[in-house]
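Listed here are the chains, written in short residue letters.
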Amino acid sequence: VAVNEGEQYERLCANGIRNPSCIIGEKPREGKFDFLVFGDSHARSLLPVIDTIASQAGLSGTSATLPACPPLFGTQRKDLAPIYVAECRNFHDGVVAFLNEQPQLRTVILSARWALYSNGPSGPYNGKQHELMIHRTDIEKPIQSSDSFFESGLKNTVNELNSRGIRVIIVG
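Definitions and cut-offs
Residues numbered from 1 in each chain as written. Predicted model: local features only at pLDDT ≥ 70, side-chain atom pairs only at ≥ 80, totals over all residues. Heavy atoms only, no water. Helix = DSSP H or I, 4+ residues; strand = E, 2+ residues; numbered from the N terminus. Buried < 20%, exposed > 50% of the residue type's maximum accessible area, 1.4 Å probe, protein only. Contact = heavy atoms within 4.5 Å. Areas by Shrake-Rupley, 256 points an atom, 1.4 Å probe, with all protein chains shown as cover. Pairing = 2+ DSSP bridges. Core = buried A, V, L, I, M, F, W, Y, C linked by side-chain atoms within 4.5 Å. Expected span 1.5 Å × (residues − 1). Bend = angle between axes of the 7 residues up to and from the residue. Polar contact = N/O pair within 3.5 Å; in protein donor to acceptor, adjacent residues only side chain to side chain.

**A word on the overall build of the protein chain**
Scanning the protein chain from terminus to terminus reveals five helices and seven strands. Beginning at the N terminus, the succession of helices and strands in the protein chain can be written as α-β-β-α-β-β-α-β-α-β-α-β. Sorting the 172 residues of the protein chain into buried and exposed places 43% on the buried side. The contacts of the protein chain with a sequence gap of at least 6 include a subset with a gap of at least 24, amounting to 73%. Counting every atom, the protein chain has about 8800 Å² of accessible surface; 54% of that belongs to carbon and sulfur.

Now the structure itself:
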């Protein structure tokens, strides 16, 4: 069942990053933001405290959060239904488009349920890792361990952001 796209993005601040309900701290000056909070539902849980700190510092930010969608460019979860995998991919593409439109943005705060993405739903089991993460282009290829995909996804994401001159803050 398809969810009303506008309602979903307003609620989640996914591809509707500029939605007023997604603003953190001060209102943006001339539509330009100082920072972005990018992550899953764990990142969303941090927004009230980040909002308070940003307001006190006079900074303007926005959030891009989508539950169960790791903020790791080029990866996806293999345990989700295809429609949700596509939604997560579109979410990542929306974040990249937002960054392209905000060249002055200098800080991204990454936050997620990192242990889930690196170890799987319950961590190591009988000495084996649960394979939860794969590269977006490797759906038909043999699965390696989730931790290797998590590591490469995190490195790729940080490198992509750093190449834009963006400082990355990772919150556990």
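**A short note on the pairing of strand β5 (residues 107-111)**
Look at any regular strand and the pattern is simple: side chains alternate between the two faces of the sheet. With five of its five residues buried, β5 lies for the most part within the structure. Both faces of β5 are covered, namely the face carrying T107, I109 and S111 and the face carrying V108 and L110. Where β5 and strand β7 (residues 167-171) come together, five bridges link them in parallel fashion. Bridge pairing links V108 to V168 in β7.

**Observations concerning the nonpolar core**
One finds L36, F38, V95, L99, L105 and V108 to be the most contacted residues of the largest nonpolar core, which totals 26 residues. Residue assignment for this core shows that the elements contributing at least two residues are β2 (35-39), α3 (82-101), β5, α4 (114-119) and α5 (146-163). The element contributing the most residues to this core is α3, with six residues. Setting aside its immediate chain neighbours within four residues, F38 contacts A43, A64, P71, F73, F91, H92, V95, V108, I109, L110 and S111.

**Examining helix α2 (residues 41-57)**
Here α2 spans 25 Å end to end across 17 residues, near enough to the 24 Å set by a 1.5 Å rise per residue. Approximately 45° is the largest bend angle found in α2, and it occurs at L47, with the proline P48 only one to four residues beyond. Looking only at α2, the buried set comprises A43, L47, I50 and A54. At the N-terminal boundary of α2, the capping side chain belongs to D40, with an oxygen 2.9 Å from the backbone nitrogen of H42. Trailing α2 by a residue or two, G58 shows a phi angle of about 70°, which is positive.

**A word on the environment of I166**
Summarising the element assignment, I166 is placed in the loop between α5 and β7. I166 sits 61 residues away from L105 along the chain, and the two C-alpha atoms are 6.9 Å apart. Those residues in contact with I166 that sit more than four places away from it in its chain are L99, L105, R106, T107, V108 and L161.

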